[in-house]
Each structure stands twice: as structure tokens, then as C-alpha cells.
Amino acid sequence: MTTPDDTAALNERHRARMERKKAIIDAKIAAADKQIGIIIVNTGNGKGKSSSGFGMAIRALGHGMRVGIVQFIKGAMATGEEQFLRRFPDEVGFHAMGEGYTWETQNRERDVAKAAEAWEQAKRFLADPAIGMVVLDELNIALKYRYLDVDTVIADLLERPAMQHVVITGRGAPPELIEIADTVTEMNVVKHAFKAGIAAQAGTEW
């Protein structure tokens, strides 16, 4: 049975531990004094890569930034994120420029042409200093299948305005992109409803 003295001792240990932790974190925050646009890559086989990207787009909008979004591969069906973000045409440029998943299109030549068209739009956003964040959804897939040249893509990314953030999503991010990115997160699968025979549903998958 826990006594009042036990609880008081536990609370004091917690306070002392958090005091030490705060000192360490405050020192790290003070050392991280650079202000510059960053490249964020969300990859891996788990769910949440695009969801995180669109969450950051909404966060950027909340800070008054303009956002440019280009969806590679996707575009054959309307998604919740597209329907929502198109409500803000003055703040968001949204371009869904794919024709569906590769196993549906089954036409590499056309997929390559659509990816090249999408990259031209991405380059317009990447050249515009008025755009605070660019989301390149499923770009990793286009790079994985070599629809686009990774060296050309990286060169264009590195030429963008200094304070512009870029979020890139999709499984199979190439090592060259991971190397030049500032933040890379790999989503791993623990469980997924689809494996239990649960269909993809509006609001959770699209």
C-alpha cells in the first residue's frame, strides 16, 4: 500500500528528474539557433506518411504561410485532403497530377509523362519565394520507379528559396534523397486494418 510519504518521495524524484531534463533540453534549444527552410522526408511501409505531410501543410497555413501541393501517382479519385484544402484557393495551390496507383495504370510510359508534368508544377512552387511550404506527396514512388531522375530532383530542391520548407512522402525514398534531407522519418507497420479484411474508408485512408 502506498503511503503519503511514498507519494511525496515519488513526486520529489520526478520533480528533480524533470528539472535536470529541462536544463538539458533548454541547452539544446539554445544551441539550435539556425533559421532556414528544411527538407522533410516521410517514408517507410507504415501508414501516416501523407497524413503527416498534410498535417504540416495545415500547420503552415495556421502560421500564415502559403502552401503548394503536388500529388504524384494519386489523382484518379478525389481525397478528403484535396476537397478540404481546395476551400482555400488563395492560400493553397493543390495539384493532383497522377492517374492512380501503378498497378492500376499499368502503363509506364504514361506514368513517366505524368510524373514529368507534375515535376514541372513542383518546380514552379520551388522557385516561388512566396510559397512557405511545398508538399510533394508520393514523390518517393516516382523516384523509386525512376519516373524522374533523382539527381535532377535534388538539384531543383537545393535551388529553392532559403526559407522554404519541403515535405516529401512515399515509401522507398532513395538514399540520395535521404542524404540531403534535414529530417527523415520512417513509418513502420505494427498492425493495419486492411490485413484483417477491413476495407479502406473515407476519412482514414483517403
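Residues numbered from 1 in each chain as written. Predicted model: local features only at pLDDT ≥ 70, side-chain atom pairs only at ≥ 80, totals over all residues. Heavy atoms only, no water.

Draft legend 1. Representation of the overall build of the chain within the structure. Secondary structure assignment for the chain yields 8 helices and 6 strands. Ordered by position in the sequence, the α and β elements of the chain form the string α-β-α-β-α-β-α-α-β-α-α-β-α-β. Once the C-alpha set of the chain is aligned to its principal axes, its extents read approximately 70 × 45 × 35 Å. Every one of the 206 residues in the chain was classed for burial, and the buried ones make up 37%. Long-range contacts, defined as pairs at least 24 residues apart, comprise 79% of the intrachain contacts of the chain with a sequence gap of at least 6. Of the accessible surface of the chain, which amounts to about 12,800 Å², a share of 54% is contributed by carbon and sulfur atoms. Seen as two clouds, the 26 positive and the 28 negative side-chain charges of the chain have centres 5 Å apart. (Helix = DSSP H or I, 4+ residues; strand = E, 2+ residues; numbered from the N terminus. Buried < 20%, exposed > 50% of the residue type's maximum accessible area, 1.4 Å probe, protein only. Contact = heavy atoms within 4.5 Å. Areas by Shrake-Rupley, 256 points an atom, 1.4 Å probe, with all protein chains shown as cover. Lys, Arg positive; Asp, Glu negative; His and termini not counted. Charge placed at Lys NZ, Arg CZ, Asp CG, Glu CD.)

Draft legend 2. Structural context of a nonpolar patch on the surface. The grouping of Ile58, Phe84 and Phe88 at the surface amounts to a nonpolar patch, some 240 Å² of accessible area in total. Within the secondary structure layout, Phe84 lies in helix α3 (residues 80-85). A relative accessible area of 31% places Phe84 in the partly exposed class. (Patch = residues over 30% accessible without salt bridge, like charges linked within 9 Å, V, L, I, M, F, W, Y side chains within 5 Å. Salt bridge = Lys/Arg side-chain N within 4 Å of Asp/Glu carboxyl O.)

Draft legend 3. Unusual backbone geometry, seen in detail. Look at Glu138: it is not a glycine, yet its phi comes out positive at around 65°. Its identity is not glycine, yet Arg146 carries a phi of approximately 60°, on the positive side. Its location among the elements puts Arg146 in the loop between α6 (139-144) and α7 (150-158).

Draft legend 4. Structural context of the side chain of Thr169. With respect to the helices and strands, the residue Thr169 is situated in strand β5 (residues 165-169). A polar side-chain atom of Thr169 sits 2.5 Å from a polar atom in the side chain of Asp137. Residues within four places of Thr169 in sequence aside, it is in contact with Asn42, Lys49, Ser50, Leu136, Asp137, Glu138, Leu139 and Asn140. (Polar contact = N/O pair within 3.5 Å; in protein donor to acceptor, adjacent residues only side chain to side chain.)

Draft legend 5. Structural context of the nonpolar core. Core analysis: the largest hydrophobic core is formed by 30 residues, its most contacted members being Phe72, Trp119, Leu136, Leu139, Leu148, Leu157 and Ile168. Counting only elements with at least two residues in this core, the list comes to β1 (39-43), α5 (108-126), β4 (131-137), α6, α7 and β5. Among the elements that make up this core, the one with the highest residue count is α5 (6 residues). One finds Met56, Val67, Met133 and Val135 within the second-largest nonpolar core, a separate group that totals 13 residues. (Core = buried A, V, L, I, M, F, W, Y, C linked by side-chain atoms within 4.5 Å.)

Draft legend 6. Main features of helix α2 (residues 49-62). Here α2 spans 20 Å end to end across 14 residues, near enough to the 20 Å set by a 1.5 Å rise per residue. Taken together, the buried positions of α2 are occupied by Lys49, Ser50, Gly53, Phe54, Met56, Ala57 and Ala60. Down the axis, α2 shows its buried residues gathered within 155° of arc, on one side only. Exposed side of α2, more than 90 degrees from the buried face: Arg59 and Gly62 are the residues found there. At the exit of α2 stands Gly64, carrying a positive phi of roughly 80°. (Expected span 1.5 Å × (residues − 1). Arc of directions from axis to C-beta.)

Draft legend 7. A look at the domain arrangement of the chain. Domain assignment breaks the chain into domain 1 (1-33) and domain 2 (35-196). Each of domain 1 and domain 2 was reduced to a C-alpha centroid, and the two centroids are 39 Å apart. (Domains from an automatic or database assignment.)

Draft legend 8. Representation of the pattern of salt bridges within the structure. Counted under the stated rule, the structure contains 7 salt bridges. Across the pair Arg15 and Glu12 runs a salt bridge, and its minimum N-O distance is 2.8 Å. Here Glu12 and Arg15 lie together in helix α1 (residues 4-31), a separation of 3 residues that amounts to about one turn. Residue classification places Glu12 among the partly exposed positions, given a relative accessible area of 41%.

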